[in-house]
Amino acid sequence: MLTVVLGLAGAVVYGFADFLGGLAARRIRAITVTALAAVVGIVPLLVGLAVVPSAFSASALTWGLVGGACGALGVLLLYAALAVGPMSVLSPLTAVFSAIVPVAVGLARGVPLSPLGVVAVVVAVLAVVLVAAVRDTSGARLTVRGVLSAAVAGSAFGGLVLAFNETPASSGVAPLVVARVVQAVLMGGAAAATWMLARRRGRPGGTADPVTSAAVAGSAAPPDRVAGIHPRWAPALVVTVVLCGICDAGANVFIQAGLHSSTDPSTLPTMSVLNALYPIGTVVLAGIVLRERLTRVQLAGIVLAVAASVGLALS
């Protein structure tokens, strides 16, 4: 039961982070938001080092590096996918792969799942598709390149969960700190490269990116591009980016804690499926803050997600 609670908490907080990132990306590039949020997320994790007993063992360092690389790769490839294809298809596809890859690895290792657990996993994957699906009005066509990019991006996100699962329980937040630093460096480099490329092409460095962080969760359309307008770092924008980074780091803590909350081998597939429900947090917060209405399809997905969570808790 504790595993399910931690998994759902991580998914909801991940969704909050995506929502906040989406708001910030309406003013500055999404790649910049992601890089800044990664840097901000280091701070609460460093505080965690002083509170939670942690050990920087060789295993913690190794899997932290792998997790950070997977997280950065997943974000970059997802941006590439959403830039060439419809979000309504590619975003749910990414979330599904992020759930399926750890489940497949667990099953390959001989992790047993009860019949109820199998049904719950299938229902949860369906819930991800329903909740994450949004109407695409860009007219973008589905291409092989877009599908492959989304699939690899989802697999990379699944690799992040697998990496955290391999860290020793005694390592505490040490691997999370390592992963966050790696992601901050990689995303910072990507943001700098994007900025320099935009400068060479004569485009303003502050124009909005066509892919938002909320789009990563598959729950929001990209913001309008307003050429020639530079972002103003208003206090509200700074707070939004800071909260995004804190939520993202906090979600990693929930996922890490959930993976080590039980010695049951079915914990890995359970956490991976619950982690893929992160679009729920985004669409719910969008409804509360932005007054966006949930579609019947999304409501059905949320109901199925709750049912799947109960099933996983009882399996």
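Residues numbered from 1 in each chain as written. Predicted model: local features only at pLDDT ≥ 70, side-chain atom pairs only at ≥ 80, totals over all residues. Heavy atoms only, no water.

### Quick look at the overall build of the chain
Now for step 1: Helix and strand counts for the chain stand at twelve helices and zero strands.
Now for step 2: Listing the helices and strands of the chain from first to last along the sequence gives α-α-α-α-α-α-α-α-α-α-α-α.
Now for step 3: Scored against the burial criterion, the 315 residues of the chain give a buried share of 51%.
Now for step 4: Partitioning the contacts of the chain with sequence separation of at least 6, the portion at a separation of at least 24 is 89%.
Now for step 5: When the accessible surface of the chain is split by element, carbon and sulfur atoms take 70% of a total near 13700 Å². (Helix = DSSP H or I, 4+ residues; strand = E, 2+ residues; numbered from the N terminus. Buried < 20%, exposed > 50% of the residue type's maximum accessible area, 1.4 Å probe, protein only. Contact = heavy atoms within 4.5 Å. Areas by Shrake-Rupley, 256 points an atom, 1.4 Å probe, with all protein chains shown as cover.)

### Observations regarding the side chain of Thr167
Now for step 1: For Thr167, the position within the fold is in the loop between α6 (144-166) and α7 (174-200).
Now for step 2: Residue classification places Thr167 among the buried positions, given a relative accessible area of 2%.
Now for step 3: In this structure the side chain of Thr167 is engaged in a polar contact, spanning 2.6 Å, whose partner is the backbone oxygen of Phe164.
Now for step 4: A distance of 2.9 Å separates the side chain of Thr167 from the side chain of Gln256, its partner in a polar contact.
Now for step 5: Non-local contacts of Thr167, meaning those with residues more than four positions away in its chain, are made with Trp63, Pro175, Gln256 and His260. (Polar contact = N/O pair within 3.5 Å; in protein donor to acceptor, adjacent residues only side chain to side chain.)

### Here's the deal with the packing of helix α1 (residues 2-24) against helix α9 (residues 235-259)
Now for step 1: Running from N to C, α1 and α9 point in directions that differ by 160 degrees, and their axes come no closer than 8 Å. With respect to α9, the element α1 is oriented roughly antiparallel. By crossing handedness, the relation of α1 to α9 is classed as left-handed. (Axes fitted to C-alpha atoms, helices over the stretch in contact; angles between N-to-C directions. Parallel < 35°, antiparallel > 145°, perpendicular 65-115°, else oblique. Left-handed = near helix turned anticlockwise from the far one by under 90°.)

The analysis is restricted to geometry; functional conclusions fall outside its scope.
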